[in-house]
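A closer look at the structure
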Amino acid sequence: LHVATLLHDDLVDGAEYRRGRPVAHTRWGNAVAVLTGDFLLARSLSIAAETGSLKSIKIIAEITENMSQGEIQQLIHQGDLNLSEKDYLTVIYRKTAVLIEGACRVGAILAGAPEMEERALSDYGRNFGLAFQMADDLLDYTADTSVLGKKVGADLREGKPTLPLIHAYSLAEADERTFIEK
């Protein structure tokens, strides 16, 4: 499921590199990237079905829905400098954290963990996912391209308001806001 979303995300974002290597759509074309992503999405649901756990299948389906909604929300907010930190957290929860949260939860379910441990692992996955995305967003401003494996500043060029920009904009004076807007 994760690889499927990465294939689609790279195409939507017009990315050229991931982890320092050319992305699929630049090597094999858009159609192959989309169809491979679709195949992997379907395969993830087939694997979930093989577990026989209706609860796990439902979680995988919910992850897929949430991730799609998160990407759509991010597109809707493209260029929106007034995006609140709360709305940003909703976007990154849906596009990133929900995947790790769900993976941890499904792992607990398939291991037969008690409800309390399932909730604890789910919470851990959600918080880890939020922290991962925030760190990734910060690296887009601070890392070196050779270390990051993708062009730095991509989020800014694509008009994606991420936490560093949202926070800086909220603290900026009028002249600084004008500069940021430009």
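Calculation notes
- Residues numbered from 1 in each chain as written.
- Predicted model: local features only at pLDDT ≥ 70, side-chain atom pairs only at ≥ 80, totals over all residues.
- Heavy atoms only, no water.
- Helix = DSSP H or I, 4+ residues; strand = E, 2+ residues; numbered from the N terminus.
- Expected span 1.5 Å × (residues − 1).
- Buried < 20%, exposed > 50% of the residue type's maximum accessible area, 1.4 Å probe, protein only.
- Axes fitted to C-alpha atoms, helices over the stretch in contact; angles between N-to-C directions.
- Parallel < 35°, antiparallel > 145°, perpendicular 65-115°, else oblique.
- Contact = heavy atoms within 4.5 Å.
- Nonpolar A, V, L, I, M, F, W, Y, C, P; charged D, E, K, R; others polar.
- Left-handed = near helix turned anticlockwise from the far one by under 90°.
- Arc of directions from axis to C-beta.
- Salt bridge = Lys/Arg side-chain N within 4 Å of Asp/Glu carboxyl O.
- pLDDT = per-residue confidence, 0-100.
- Lys, Arg positive; Asp, Glu negative; His and termini not counted.

End to end, helix α4 (residues 54-76) covers 33 Å across 23 residues, agreeing with the expected 33 Å (1.5 Å per residue, within 8%). Where α4 is concerned, the buried positions are S56, I59, I60, I63, T64, N66, M67, G70 and Q74.

Packed helices, taken two at a time, are described by the angle their axes make and the gap between the axes. Where helix α6 (residues 115-142) contacts helix α9 (residues 163-171), the two axes come as close as 8 Å, and the packing angle between them is 75°. Between α6 and α9, the crossing angle belongs to the class labelled roughly perpendicular. Contacts between α6 and α9 involve M134, D137, L138 and Y141 from the former and L163, P164 and L165 from the latter. Residue classes in the contact of α6 with α9 are distributed as six nonpolar, no polar and one charged.

It is the contact of helix α1 (residues 2-13) with helix α3 (residues 30-50), at a shortest axis distance of 8 Å, that shows an interaxial angle of 155°. By the angle class used here, α1 and α3 are roughly antiparallel. Here the hand of the crossing between α1 and α3 comes out left-handed. In this structure, α1 contributes V3, A4, L7, H8 and L11 to the contact, and α3 contributes N30, A33, V34, T36, G37, D38, L40 and L41.

Three- or four-residue spacings in an α-helix give side chains the same orientation, since the helix completes a turn every 3.6 residues. With 21 residues, α3 should cover 30 Å at 1.5 Å per step; its first-to-last C-alpha distance of 30 Å lies within 8% of that length. Within the sequence span of α3, burial applies to A33, G37, S44 and A48. End-on, the buried residues of α3 take up no more than an arc of 50°, which puts them together on one face. Counted as exposed and oriented over 90 degrees from the buried face of α3: A31, L35 and E50. Of the surrounding elements, those touching the buried residues of α3 are α1, α2 (24-28) and α4. At the exit of α3 stands G52, carrying a positive phi of roughly 75°.

To continue, consider the pattern of salt bridges. Counting across every chain of the model gives 11 salt bridges. The partner of E62 in a salt bridge is K58, and the shortest N-O contact between them spans 3.2 Å. With E62 and K58 both in helix α4 and four residues apart, this pair spans about one turn of that helix. E62 gets classed as partly exposed once you look at its relative accessible area, which sits at 30%. The shortest N-O distance in the salt bridge between R126 and E101 comes to 2.6 Å. A residue pair is termed long-range when its members are at least 10 positions apart, and R126 in helix α6 and E101 in helix α5 (residues 85-110) qualify at 25 residues.

Turning our eyes to something else, we now look at the environment of I92. Examined against the element boundaries, I92 turns out to sit in helix α5. Spatially, the C-alpha atom of I92 lies 8.6 Å from that of Q74, the residues being 18 residues apart in sequence. Apart from residues lying up to four places away in sequence, I92 is in contact with A97, L130, Q133, M134 and D137.

As a further point, take the confidence of the model for the protein. Scored by pLDDT, the protein comes out at a mean of 93, with 100% of its residues at no less than 70. Per-residue pLDDT, averaged within each element of the protein, yields its smallest value for helix α7 (residues 145-148) (76) and its largest for α5 (97).

This part is about the side chain of D155. Along the chain, D155 turns up in helix α8 (residues 154-157). For the buried residue D155, which engages in no salt bridge, the nearest side chain bearing the opposite charge is K160, 4.0 Å off. Not counting residues within four places of it along the chain, the set of residues in contact with D155 comprises D137, D140, K160 and T162.

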